[in-house]
Amino acid sequence: IEPEIQPVARFLNPRRARLSPDGAAGDWYVGRGVYNSLPMVYQDKLTATLFAMMMNPANEWFSLTIPDQDLAAFWPVRQWLDRMTTLTLFSFSPARSTFYANAIPFLADDVCFGTAIQFEDYNEGTERIRDRTLPLGKALIGRSADGDDNELMWRTEMTGAQAVNK
């Protein structure tokens, strides 16, 4: 993915495009003129707005329903749907999950690149859900012979001891 997203990253969010103030090797921007931070500011504002409007933990930002409206209005069914909505929303709470902490970087990537990667693991011992947003620059997407995306891998750096423990 990286060769496709680098031009967008350079324009919208140079922090994700390895822009460094000391002009480190590989820094594409050094010596190219005045830097305009407006795209980055607007990306941050849109990210914050989407979070506040779409998935703010203070709001009930989704609810469960069924296609049959008459059945959905039937009191026992409505009660069950409301209870399941409450339980599902609770699963996103900081007491159970890291979802909200990862929602901002997820939305930032989505605003900047038009896509984002987030996955979760459930830890039975602690009964917590670990959500993780993966930077697109570390993602490798495998494609089948038909051109369909069928595998997601990510690059990570480990010491020898960490690799042995994994």
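Here is what the cut-offs are and how they apply
- Residues numbered from 1 in each chain as written.
- Predicted model: local features only at pLDDT ≥ 70, side-chain atom pairs only at ≥ 80, totals over all residues.
- Heavy atoms only, no water.
- Helix = DSSP H or I, 4+ residues; strand = E, 2+ residues; numbered from the N terminus.
- Phe/Tyr/Trp six-rings, centres within 6.5 Å; stacked < 30°, edge-to-face > 60°.
- Buried < 20%, exposed > 50% of the residue type's maximum accessible area, 1.4 Å probe, protein only.
- Contact = heavy atoms within 4.5 Å.
- Polar contact = N/O pair within 3.5 Å; in protein donor to acceptor, adjacent residues only side chain to side chain.
- Axes fitted to C-alpha atoms, helices over the stretch in contact; angles between N-to-C directions.
- Parallel < 35°, antiparallel > 145°, perpendicular 65-115°, else oblique.
- Left-handed = near helix turned anticlockwise from the far one by under 90°.
- Nonpolar A, V, L, I, M, F, W, Y, C, P; charged D, E, K, R; others polar.
- Salt bridge = Lys/Arg side-chain N within 4 Å of Asp/Glu carboxyl O.
- Patch = residues over 30% accessible without salt bridge, like charges linked within 9 Å, V, L, I, M, F, W, Y side chains within 5 Å.
- Areas by Shrake-Rupley, 256 points an atom, 1.4 Å probe, with all protein chains shown as cover.

Trainee: I would appreciate a short explanation of unusual backbone geometry in the present structure.
Mentor: Here the phi dihedral of Glu127 falls at roughly 55°; this positive angle occurs in a residue that is not glycine. Examined against the element boundaries, Glu127 turns out to sit in the loop between β1 (117-123) and β2 (128-134).

Trainee: Please explain the packing of aromatic side chains as it appears in this structure.
Mentor: The relation between two aromatic rings is expressed through the spacing of the ring centres and the mutual angle of the planes. Counted by the stated rule, this structure contains 7 aromatic pairs. Between the aromatic rings of Trp61 and Phe92, the centroid separation amounts to 5.2 Å while the plane-to-plane angle is 45°, which identifies the pairing as tilted. Taken together, the residues Trp61 in the loop between α2 (38-54) and α3 (69-73) and Phe92 in the loop between α4 (75-91) and α5 (99-113) connect sequence positions 31 residues apart. Since its relative accessible area comes to 18%, Phe92 is described here as buried. Note on Phe99 and Tyr100: the rings are 5.2 Å apart at their centroids and 75° apart in plane angle, and the pair reads as edge-to-face. Each member of the pair, Phe99 as well as Tyr100, is classed as buried.

Trainee: When you look at the environment of Asn102 in this model, what are you seeing that I'm missing?
Mentor: Residue placement: Asn102 occurs in helix α5. By relative accessible area, which is 14% here, Asn102 ends up buried. For the pair Asn102 and Thr133, spaced 31 residues apart in sequence, the C-alpha separation works out to 5.7 Å. If near-sequence neighbours (up to four positions away) are discounted, Asn102 is found in contact with Gln118, Asp131, Arg132 and Thr133. In terms of polar contacts, Asn102 uses its side chain to reach the backbone carbonyl oxygen of Thr98, at 3.0 Å.

Trainee: Sorry, what's going on with the packing of α2 against α5 here?
Mentor: Each pair of packed helices can be described by the angle between their axes along with the distance between the axes. Here α2 crosses α5 at 130°, and the two axes come no closer than 9 Å. On the basis of their axis angle, the class for α2 and α5 is oblique. In the packing of α2 onto α5, the handedness of the crossing is right-handed. Contact with α2, carried on its side by Gln43, Leu46, Thr47, Leu50 and Phe51, involves Tyr100, Ala103, Ile104, Leu107, Ala108, Val111 and Cys112 of α5 and no other residues of that element. A class-by-class count of the residues in the contact of α2 with α5 yields 10 nonpolar, 2 polar and no charged.

Trainee: Would you take a moment to explain the pattern of salt bridges for this structure?
Mentor: Pairing between side chains becomes possible if they bear opposite charge and their charged atoms approach one another. Tallying each qualifying case throughout the model produces 1 salt bridge. Where Asp82 meets Arg78, a salt bridge forms, and the shortest distance between an N and an O atom there is 2.9 Å. Of this pair, Asp82 and Arg78 are both found in helix α4, 4 residues apart, which corresponds to roughly one turn of the helix. A residue is classified by how much of its surface remains accessible, and Arg78, at 22% relative accessible area, is partly exposed.

Trainee: Got a minute to help me understand a nonpolar patch on the surface in this structure?
Mentor: Together, Leu38, Val41 and Tyr42 line one region of the surface with nonpolar side chains, adding up to about 280 Å² of accessible area. Topologically, Tyr42 is positioned in helix α2. Note on Tyr42: relative accessible area 53%, which makes it exposed.

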